[in-house]
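# A look at the structure
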Amino acid sequence: MTDLTPNSTFLITGIIFITIAVIGQSKLGFIEINPGCFGRLLALLIGTSSLLYALGLLNFSAGSLDFLRTSLTEQIKQSISSINDLLQGS
């Protein structure tokens, strides 16, 4: 019997969530899956991130996470200031 590694677990999870996002409302035996619009979007995000993690594209180190956080906060500050400028100009 083979053990599931974290990589294969994320791969299987990603495939399942992508399937739920694509199919949407369906019957699986006696279980009915009806995620709705938000549920399908959430399943798509979880499935995509799981597949990317399984492929090794989301393995961030601590330094890259700090860089990502600082760059995101800078972009949010810039977008808030530009939105304020647009609202005050109208």
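Definitions and cut-offs
- Residues numbered from 1 in each chain as written.
- Predicted model: local features only at pLDDT ≥ 70, side-chain atom pairs only at ≥ 80, totals over all residues.
- Heavy atoms only, no water.
- Helix = DSSP H or I, 4+ residues; strand = E, 2+ residues; numbered from the N terminus.
- Buried < 20%, exposed > 50% of the residue type's maximum accessible area, 1.4 Å probe, protein only.
- Contact = heavy atoms within 4.5 Å.
- Patch = residues over 30% accessible without salt bridge, like charges linked within 9 Å, V, L, I, M, F, W, Y side chains within 5 Å.
- Areas by Shrake-Rupley, 256 points an atom, 1.4 Å probe, with all protein chains shown as cover.
- Salt bridge = Lys/Arg side-chain N within 4 Å of Asp/Glu carboxyl O.
- Expected span 1.5 Å × (residues − 1).
- Arc of directions from axis to C-beta.
- pLDDT = per-residue confidence, 0-100.

## Regarding the overall build of the protein
Within the protein one finds 3 helices and 2 strands. When burial is assessed residue by residue, the protein has 9% of its 90 residues classed as buried. Counted over contacts in the protein with a minimum sequence separation of 6, partners at least 24 positions apart contribute 50%.

## Considering the side chain of S50
Relative to the helices and strands, S50 is located in helix 2 (residues 36-54). Looking at S50, the relative accessible area reads 7%, which means it is buried. Those residues in contact with S50 that lie beyond four places of it in its chain are F10, T13 and G14.

## Some remarks on a nonpolar patch on the surface
On the surface, a cluster of nonpolar side chains totalling about 570 Å² of accessible area is made up of F38, L41, L42, L44, L45 and I46. In this structure, L41 sits in helix 2.

## So, helix 2
Here helix 2 is 19 residues long and its end C-alpha atoms lie 26 Å apart, about the 27 Å a rise of 1.5 Å per residue gives. Within the sequence span of helix 2, burial applies to G39, A43, G47, S50 and A54. All buried residues of helix 2 project into a common sector of 65 degrees when viewed along the axis, lining one side. Seen from the open side of helix 2, the exposed residues pointing more than 90 degrees away from its buried face are C37, F38 and L45. Remark: G56 follows helix 2 within two positions and exhibits a positive phi of approximately 90 degrees.

## Some thoughts on the environment of T9
Relative to the elements of secondary structure, T9 occurs in helix 1 (residues 6-23). Between the C-alpha atoms of T9 and S50, which are 41 residues apart in sequence, the distance is 8.9 Å.

## Some details on the environment of L45
Within the secondary structure, L45 sits in helix 2. What makes L45 exposed here is its relative accessible area of 54%. Expressed as a C-alpha distance, the spacing of L45 and G14, which sit 31 residues apart in the sequence, is 9.3 Å.

## Some points on the confidence of the model for the protein
For the protein, per-residue confidence averages 75 on the pLDDT scale, and residues scoring 70 or more make up 81% of the total. Helix 2 holds the highest mean pLDDT among the elements of the protein, 84, whereas strand 1 (residues 26-28) holds the lowest, 71.

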